[in-house]
Amino acid sequence: MKKRINSWTVLLMTLLLTGMAWSAELPASYTVQKGDTLNQISRKFGIALAELKKLNNLSSDVVKIGQVLLLSRQTNQTLALEGVKIFYPNTIKMGDAFSLRIWGKGADTVQIRFPSETAEDVRQPAEKLDSLEVGDGSFVVLGRVVLGAVSSEVRFTATLNGNTLEGRIPMTRTARSQVELLNVPSSVIDGVTPATQTRENGALEAAYALRTPKAWNTPFMAPIKSFVTNPFGGARRYQMGGKVNYHFGTDLKAALGEAIYATNAGKVVIADFYQTRGGLVGIDHGGGVVSLYFHQSKIVVKVGDTVEKGQKIGEVGSTGYSTAPHLHWEMRIRGEGVDPWQWAGKQIP
Ligand SMILES: [Zn+2]
């Protein structure tokens, strides 16, 4: 009986999480209703209990009806530089996409760098970054925390008219996840030759190096309406004793042949079949943001195509390193994988 209740709980949790993941943007706050517990609220919005308590400076789990709880940790610290204000998160964690929001006169000319990236295994660390216009009068610079990050904080510098200030965002430690053993058959691994890997990685690195103008002006959407079967960020080995890799995307349950849709406007920069990733489409959204869709059975766009949000780009398959039909969806900022669900329903994470 106990076991049965547990599986129902799991199913309910899955439905709640699925509902959340697919729904529009997470509200900024929630007002406690009669009968709510902090634990229920944490599950309802998919925020860890500890994080919810930290966000709201709660020392216990007791909440009162009518109490307003913050659900988002965005724009909680500020830096003032000349006539400009920069809002940035209180805390971040590995695999997070985050944004520095810049308001005020000269906001469009502020230059940002992340010097702490030089300590991490990231592509183009501490790059000089221009801000992106988001349409509400503010400008944004996207940040990323690489999986496997070793630092305890992200440091950024903001420069305007020759004046530079530094901001620091502490990284919260997440429990180290167990390393999953995938046991990909040797026949598959041995089929991957240096030549095929060079071709595949070359295509990806070229996409990651793009810094085209921002092409999207509406919130991102999930590429299929489904639920997560394997979340972003897990550590895994392909074979016993092999090196640890991270899951840079999120796996969505899907049937063979199901349509895959572009998560937002952009330009197709990869549309081909590869050994590891199988049928792969990559869309450059500009501003260093690329979305990727793996293991497709069919691709219906070609390199150079301009796509709109919601446009069909291909069909679900099980090509490449895959054991059953599913969609592996990635979002990358300047080449580094960040949690794709941070984008669904949002223009900027
Ligand atoms: Zn995957």
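Residues numbered from 1 in each chain as written. Predicted model: local features only at pLDDT ≥ 70, side-chain atom pairs only at ≥ 80, totals over all residues. Heavy atoms only, no water.

A. Summary view of the overall build of the protein. Within the protein, the regular secondary structure consists of five helices and 25 strands. Taking all 349 residues of the protein together, the buried fraction comes to 45%. Restricting the contact set of the protein to residue pairs at least 6 apart, pairs at least 24 apart contribute 64%. Carbon together with sulfur atoms contributes 55% to the accessible area of the protein, which is approximately 17100 Å² in total. (Helix = DSSP H or I, 4+ residues; strand = E, 2+ residues; numbered from the N terminus. Buried < 20%, exposed > 50% of the residue type's maximum accessible area, 1.4 Å probe, protein only. Contact = heavy atoms within 4.5 Å. Areas by Shrake-Rupley, 256 points an atom, 1.4 Å probe, with all protein chains shown as cover.)

B. A look at the pairing of strand β5 (residues 97-104). In this sheet, β5 lies alongside strand β4 (residues 84-88) in antiparallel orientation, the contact comprising four bridges. Looking across to β5, one finds that Ile 86 is bridged to Ile 102. Pairing of β5 with strand β9 (residues 139-144), which is carried by six bridges, proceeds in the antiparallel orientation. Its bridge partner being in β9, Leu 100 is matched across the sheet by Val 141. (Pairing = 2+ DSSP bridges.)

C. Summary view of the coordination of the zinc ion. Around the zinc ion, the protein supplies His 247 (NE2), Asp 251 (OD) and His 328 (ND1) as donor atoms, at distances of 2.0 to 2.2 Å. Linear spacing of the donor residues for the zinc ion on their chain is H-x3-D-x76-H. Residue Asp 251 is found in strand β16 (residues 250-253), and its partner His 328 is found in strand β24 (residues 326-333); the two are separated by 77 residues along the sequence. The two residues Asp 251 and His 328 agree in class, both being buried. (Donors = N, O, S within 2.8 Å, 3.2 Å for Na, K, Ca; no water.)

D. Spotlight on the confidence of the model for the protein. Per-residue pLDDT for the protein averages 86, and the proportion of residues at 70 or more is 89%. Note that pLDDT drops below 50 for residues 1-25; the model gives that stretch 16 contacts with residues more than four away or on any other chain. (pLDDT = per-residue confidence, 0-100.)

E. Quick peek at the pattern of salt bridges. Under the definition given, this model contains 14 salt bridges. As a salt-bridge pair, Arg 168 and Glu 166 come within 3.3 Å of each other at their nearest N and O atoms. In this structure, the salt-bridge partner of Asp 272 is Arg 199, at a minimum N-O distance of 3.0 Å. Here the residue Asp 272 occupies a position in strand β18 (residues 266-274), and Arg 199 occupies one in helix α5 (residues 194-208), the gap between them amounting to 73 residues. A network of salt bridges, in which partner residues are shared, links Glu 153, Arg 155, Glu 166 and Arg 168. (Salt bridge = Lys/Arg side-chain N within 4 Å of Asp/Glu carboxyl O.)

F. Broad picture of the side chain of Asp 305. Tracing the backbone through its elements, the reader meets Asp 305 in the loop between β21 (298-299) and β22 (306-307). Filtering out sequence-adjacent residues up to four positions away, Asp 305 remains in contact with Gly 266, Lys 267 and Val 268.

G. Summary view of the packing of aromatic side chains. In the structure shown here, the tally under the stated rule is seven aromatic pairs. Between Tyr 88 and Phe 156, the aromatic rings sit 4.9 Å apart at their centres with planes inclined by 80 degrees, giving edge-to-face as the arrangement. One end of the pair, Tyr 88, is in strand β4; the other, Phe 156, is in strand β10 (residues 153-160), with 68 residues separating them in the sequence. For Tyr 88, a relative accessible area of 5% corresponds to the buried category. The class for Phe 156 is buried, based on a relative accessible area of 0%. (Phe/Tyr/Trp six-rings, centres within 6.5 Å; stacked < 30°, edge-to-face > 60°.)

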